[in-house]
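A structural walkthrough
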Amino acid sequence: MQLTHFGHSCILVEHLGAKLLFDPGNFSHGFEGITGLDAILVTHQHPDHADTTRLPALLEANPGAQLFSDPQSANLLDGDWTAVRPGDSFSVGSLTVRGTGGRHAVIHPDMPVIDNTAFLVGDDENPSRLLHPGDSLYIPHERVDVLALPSTAPWLKIWEAIDYLRAVNPRVAVPIHQGIVNDNGRGIFYGRYSEMAPEGTEFRVLPHEDGVEV
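Residues numbered from 1 in each chain as written. Predicted model: local features only at pLDDT ≥ 70, side-chain atom pairs only at ≥ 80, totals over all residues. Heavy atoms only, no water.

A look at the UniProt feature "domain: Metallo-beta-lactamase" (unreviewed entry) in the protein chain
The feature "domain: Metallo-beta-lactamase" (unreviewed entry), as given by UniProt, occupies residues 7-177 in the numbering adopted here. Within the segment residues 7-177, helix and strand shares are 14% and 32% respectively, and the terminal C-alpha atoms sit 8 Å apart. (UniProt positions renumbered as here; feature names shortened; annotations may be inferred. Helix = DSSP H or I, 4+ residues; strand = E, 2+ residues; numbered from the N terminus.)

Take a look at the structure:
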């Protein structure tokens, strides 16, 4: 499987001939020229995960892409989006994608909690080849191969991310949702995750816009 990180929570997954783009938001850059996508997936409605300014051009450049999102975003975004709820599954080429989770992490008790669909991407050998949790710390309680790990967020403490990483216990963890801090801040967070990852988990920071085999 090849992953390309376009900053923040936007990653391109290429596996078994399928191309899936997750969370093209307004903190992400470089996804604008992508063509040949089989699916575009949005975990939730926040603009750092779904940039309504650039999404129309992306959809126009990928007319054959299937569009999937959490239920609330499906009603808000322009285009023919399919709402994905926990327990739903669908195929993208030879891959199977499942919706899990369902709710965004709590930012503050006074703020409404919105929909957030975490996505599990699988193949015939592993139904949990990759987990993109969006803005949640959803634990699927199955063997995840690659975890896209939320690394910094207004709703996240570093100990929560470390405990989440340990609970999921993936083979590889790649940090996402890092667009709100500068390089110095990322170094602090990444250092802790690397040091405190569970035994057998590789913490790997993906280069920007360069595809990496994982």
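A closer look at the sheet that holds strand β11 (residues 146-150)
Strand order in the open sheet made by the seven strands is β7-β8-β9-β10-β11-β12-β13, with mixed pairing throughout. Of all strands in the sheet, those bounded by a partner on one side alone are β7 (89-92) and β13 (202-203). Of the pairings in the sheet, the one linking strand β8 (residues 95-103) to strand β9 (residues 115-122) comprises eight bridges and is antiparallel in character. Considered in β9, the bridge of Gly101 is made with Thr117. (Pairing = 2+ DSSP bridges.)

Looking at the pairing of β9
Most of β9 sits inside the fold, with eight of its eight residues counted as buried. Side chains Asp115, Thr117, Phe119 and Val121 of β9 all project onto a buried face; the interleaved residues Asn116, Ala118, Leu120 and Gly122 project onto the opposite face, where all are buried too. By the bridge criterion, three bridges tie β9 to strand β10 (residues 130-132) in an arrangement that is antiparallel. Looking at the pairing, Leu120 lines up with Leu131 of β10. (Buried < 20%, exposed > 50% of the residue type's maximum accessible area, 1.4 Å probe, protein only.)

Here's the deal with the pattern of salt bridges
Once their charged atoms are close, side chains differing in charge can pair, the charge on each being opposite to the other. In this structure the tally under the stated criterion is 11 salt bridges. Between Glu32 and Arg54 there is a salt bridge; the shortest N-O distance is 2.2 Å. Placement of Glu32 in the loop between β3 (18-22) and β4 (39-42) and of Arg54 in the loop between β4 and α1 (55-61) is noted, with a sequence separation of 22 residues between them. Across the salt bridge formed by Arg54 and Asp51, the nearest N and O atoms sit 2.7 Å from each other. By relative accessible area, Asp51 is classed as buried at 9%. If you follow the salt bridges from partner to partner, you end up with Asp123, Glu125, Arg129, Asp145 and Arg171 in one network. (Salt bridge = Lys/Arg side-chain N within 4 Å of Asp/Glu carboxyl O.)

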